[in-house]
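# Understanding the architecture of this molecule
Chain by chain, the residues run as shown.
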Amino acid sequence: MSQDDDKNQGVELGEFLDFYLLDSQEQIERLGAGLLQLEKEGGNIGLINDLFRSAHSLKGASGTMGFTPIVEITHAAEDLLDRLRQGKIDVSLEMIDVLLAVTDRVKAMLEQVEKRQGITYGSEDLVNSMRALLNGEAPAAAEKTEPVPAHEEETQANFVPIDFSLSEQEREKVNDAHGMGHGVYELDIKLSPNTLMKAVRAVMSIQRLEGMGKVIKILPSVEELEAGQGDGFSILFLSDEPSEEIRKEVLEITDVTSVTIFPYVTAESIVKEPKISNNEIVNHETVNNETVKQSVPVSPNEQSKSAAAPAVPEQAQTHGESSTQVHTIRVDTVRMDNLINLVGEMVITRTRLVQIGLDLKSQYSTDPMVNNLNEANVYLGRLMNDLQESVMRLRMVAIGTVFNRFPRLVRDLAKKTGKEIDLVLKGEDTELDKTVVEVIGDPLMHLIRNSVDHGIESPEERRAAGKPVHGTVTLDAYHDGNHIAILISDDGGGLDLDKIKAIALSKGLINEREELSENDIANLIFLPGFSTADKVTDISGRGVGMDVVKKALNNLGGMVDITTRKGKGTTFTIRLPLTLAIIQALLVEVRDEIYAVPLSSVLETLLVNRSDIKTVGGLQMVQLRGNTLPLISLQEKFGLPDVEAPNNEVFVVVVGFGDKALGLIVDELRGQQEVVIKSLGDFLNNLPGIAGATILGDGKVTLILDIGSLLQDVLVTRKI
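Below you will find a few notes about this structure. This is a predicted model, so every value here is computed, not measured.

### With respect to the packing of helix H4 (residues 93-114) against helix H5 (residues 124-134)
Where H4 meets H5, the closest approach of the two axes is 10 Å, and the angle between their N-to-C directions is 155°. As summarised for this structure, H4 and H5 are arranged roughly antiparallel, according to the angle between their axes. Along this stretch, H4 crosses H5, giving a crossing that reads as left-handed. Residues Glu94, Met95, Val98, Leu99, Ala101, Val102 and Arg105 of H4 lie in contact with H5, whose contacting residues are Asp125, Leu126, Ser129, Met130 and Leu133.

### Observations concerning the pairing of strand S14 (residues 569-577)
The buried fraction of S14 is high, at 9 of 9 residues. Relative to S14, strand S12 (residues 483-490) is paired through 8 bridges, and the arrangement is antiparallel. Residue pairing for S14: Ser489 is matched across the bridge by Thr571. For strand S13 (residues 559-565) and S14, the ladder comprises 7 bridges, and the chain directions are antiparallel. Across the sheet, Asp561 pairs through a bridge with Thr573, a residue of S14. Two successive antiparallel strands, S13 and S14, enclose a turn made up of 3 residues, where Gly567 displays a positive phi of approximately 80°.

### Comments concerning a nonpolar patch on the surface
A cluster of nonpolar residues, Leu196, Met197 and Val200, forms a patch on the protein surface that exposes about 330 Å² of accessible area. Within the element layout of this structure, Met197 appears in the loop between strand S3 (183-191) and helix H8 (198-210).

### Quick notes on helix H2 (residues 45-65)
Taking 1.5 Å as the rise per residue, H2 with 21 residues should run 30 Å; its terminal C-alpha atoms sit 30 Å apart, in good agreement. Those residues of H2 that sit buried are Leu47, Ile48, Asp50, Leu51, Phe52, Ser54, Ala55, Leu58, Lys59, Ser62 and Met65.

### Thoughts on the environment of His483
Within the element layout of this structure, His483 appears in strand S12. Classification of His483 as buried rests on a relative accessible area of 6%. As a C-alpha pair, His483 and Leu432 span 51 residues in sequence and 8.9 Å in three-dimensional space. In contact with His483, not counting residues within four places along its chain, are Tyr478, Leu576, Pro577, Leu578, Ser600, Ser601 and Phe657.

### Description of the environment of Tyr185
Counting through the fold element by element, Tyr185 comes out in strand S3. In the structure, Tyr185 is positioned 75 residues away from Thr260 in sequence and 9.9 Å away in space, judged by C-alpha atoms.

### Here we look at the sheet that holds strand S24 (residues 690-695)
Across the sheet, which stays open at both edges, the 5 strands sit in the order S23-S15-S16-S25-S24 with mixed pairing between neighbours. Of all the strands in the sheet, just strand S23 (668-676) and S24 have a single pairing partner and so form its edges. Strand-to-strand twist in this sheet, taken as the mean axis angle between neighbours without regard to direction, amounts to 35°. Both strand S16 (residues 593-598) and strand S25 (residues 701-705) contribute to a ladder of 2 bridges, which runs parallel. In the strand pairing of S25, Tyr595 is matched with Leu703.

### Structural notes on the pairing of S16
With respect to burial, S16 is a largely interior element, 5 of its 6 residues being buried. Two elements, strand S15 (residues 582-590) and S16, share 6 bridges in a ladder whose sense is antiparallel. In the sheet register, Glu589 faces S16, and the bridge partner there is Ile594. Between the antiparallel neighbours S15 and S16 lie 2 residues, among them Arg591 with a positive phi of about 55°.

### A short note on the packing of aromatic side chains
Aromatic ring pairs: the centre-centre distance and the angle between the two ring planes describe each pair. Summed over all chains, the structure comprises 2 aromatic pairs. Centroid distance Tyr20 to Phe67: 5.2 Å. Interplanar angle 40°. Geometry classified as tilted. With Tyr20 in helix H1 (residues 13-41) and Phe67 in the loop between H2 and helix H3 (68-85), this pair connects stretches of sequence that are 47 residues apart. When the ring of Tyr595 is compared with that of Phe638, the centres are 5.1 Å apart and the planes differ by 20°; the resulting orientation is stacked. You can see Tyr595 sitting in strand S16 and its partner Phe638 sitting in the loop between helix H21 (634-637) and strand S21 (649-657), a full 43 residues away along the chain. Of the residues examined, Phe638 reaches a relative accessible area of 23% and is grouped as partly exposed. Here the guanidinium or amino end of Arg85 rests over the ring plane of Phe52, the centre of that ring lying 3.7 Å away.

### Things to note about the pattern of salt bridges
Applying the stated criterion to the full structure yields 23 salt bridges. Between Arg247 and Glu244 there is a salt bridge, with its nearest N and O atoms 2.5 Å apart. You can see Arg247 and its partner Glu244 sitting in helix H10 (residues 243-251), 3 residues apart, about one turn around the helix. For Asp491, the salt bridge goes to Arg462, with nearest N and O atoms at 3.0 Å. Of the two residues, Asp491 is situated in the loop between S12 and helix H18 (497-506) and Arg462 in helix H17 (residues 459-464); the sequence distance between them amounts to 29 residues. Three or more residues are tied together by salt bridges with common partners; here these are Glu39, Asp97, Asp104, Arg408, Arg411, Asp412 and Lys415.

Each value, and the rule that gives it
Residues numbered from 1 in each chain as written. Predicted model: local features only at pLDDT ≥ 70, side-chain atom pairs only at ≥ 80, totals over all residues. Heavy atoms only, no water. Axes fitted to C-alpha atoms, helices over the stretch in contact; angles between N-to-C directions. Helix = DSSP H or I, 4+ residues; strand = E, 2+ residues; numbered from the N terminus. Parallel < 35°, antiparallel > 145°, perpendicular 65-115°, else oblique. Left-handed = near helix turned anticlockwise from the far one by under 90°. Contact = heavy atoms within 4.5 Å. Buried < 20%, exposed > 50% of the residue type's maximum accessible area, 1.4 Å probe, protein only. Pairing = 2+ DSSP bridges. Patch = residues over 30% accessible without salt bridge, like charges linked within 9 Å, V, L, I, M, F, W, Y side chains within 5 Å. Areas by Shrake-Rupley, 256 points an atom, 1.4 Å probe, with all protein chains shown as cover. Salt bridge = Lys/Arg side-chain N within 4 Å of Asp/Glu carboxyl O. Expected span 1.5 Å × (residues − 1). Phe/Tyr/Trp six-rings, centres within 6.5 Å; stacked < 30°, edge-to-face > 60°. Lys NZ or Arg CZ within 6 Å of the ring centre and 35° of its normal.

Any functional reading would require information beyond the geometric quantities listed.
Set out below in structure tokens:
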């Protein structure tokens, strides 16, 4: 930054920085979205004027704040767009590529500004490219925007990963981080020779790092360091923070003389889908509220990191500003989450009050005070329902904030694979819980990258098959009852089911006598470690990382299914709950335990005679209206004790997502109740078949079933 002590020309940087960042990020998002639109529409003079105004506004605001590097690069972009709107030059693919690279570079600069860092990114390469375009010359290729520091270059080539002797659980965390594209680092920390309390320095390092990510393991251990072993230690660390920021944080600790950071790769993580490289783009683009067909020919590979931005109305894209004034107030998400938690506690307390009222009425049925209490509870329930509905709406976010990142991603992946692809977006206005929106991005990215890389054929293959040269990837979202459905479909060649079955047989995942439908075979790619890729590419391999996708969706209480047709294409269907905080549940009794089944997944309840239950291939089933319904006994699933004289009839709760259904065998039905989902914490998180816990009216803790996980276990892996 060129400002001195956060001041420039009498302006207090801290006072205006947030406003500058908000406006600048909106302008750069609008610029990126407009460039993709300009690539399709060519000489749209209204759109070109909008782009010019965005570049001009960004340059002016950056000049006022004293951010000279941003001023230099946006000034050159402004000159190029000005010449374009004057009709002195024409829109070209090279121009779009360079200007998109400018948006990526400015975003990287703005990230440094937001972190109160000095701007270290250069702009000379892009400025020279834009000047070349002004002179009618071919632009030079843009340089990488994040060079490796010199002291890292020297040691990177000789790096040999340390064997941290990871446990199975630790190895799974590392592999999952690799699969979801998060940073996994080995930190080699050296201490000064005369350090007396090495263990203390290690603990201080761990405490600082926990604020930036997750520490998996330290070697030597703290106990060994306390005994005086070694002149330093190594830490296995998961983080999305830049390596330079991690280094600076640890170097602030007394007696730490050096911190060397290496990307850490285990042998197991190689079969996972590689994380996005520094030359691939995950970006955001604003689109209209209507269905958008985004043509994706080609573009340069530039690194970019960006936060989701609100969709830009069509009027704003056409005229540069909106005439509709919207009154909003920005609220910190921590405050909103605190409000959600308080409402959840109130729901629990109201449930207890209702239970107390019912208990009192059973003993003092004629007492008018008891009747008054129950009447007040009824009125309190209505108020709580209204309050809960209003608060839950605060959590609802349009899924377009996730969808908008993918047109740019697909555009650049299309260039890298030499394919021509149209991206169709539908249902961007569909709303769901903000927690789901925050997590769903990575699974969607995996599925879209697979569709681009291995779903859509090359232009030559499509032409030979009589298909349009342009392939189509469709991303659609819509409400399906109490769930949201997200479809990722392509019109490519479809999955090679014979190859999938052969690989599953060779790995011992299925046996030759097992009869599987085409849908069953397709869903085998979600098994851990399964891949049909002949080689691991830097984009994807069909099946690589799919178990990570399934696990992420299971953690959200959702599930994913596949339908595929050879030569026609593949569709991944994701179903997720609308909200994750407060739900309606059906309470069921199994032996002496009470479980909560999310009511949104309950289709019906049955009373079934035990003699009607048949076992086929180790799986219990019953005939229901001419169809076979798979069953799972919760008593067997959770290892509860048997009863000496079981009843001839059992209750079955039929649950399902979409066209998938499963029957849960239980002892009794206890009725419907509103419950607040509570996490079980890191130690008990991700238990198979368990989504969380809740507190009932009598104060007892009850487990909430994860229907998506149970369905996936039975219907996909065919294991109970």
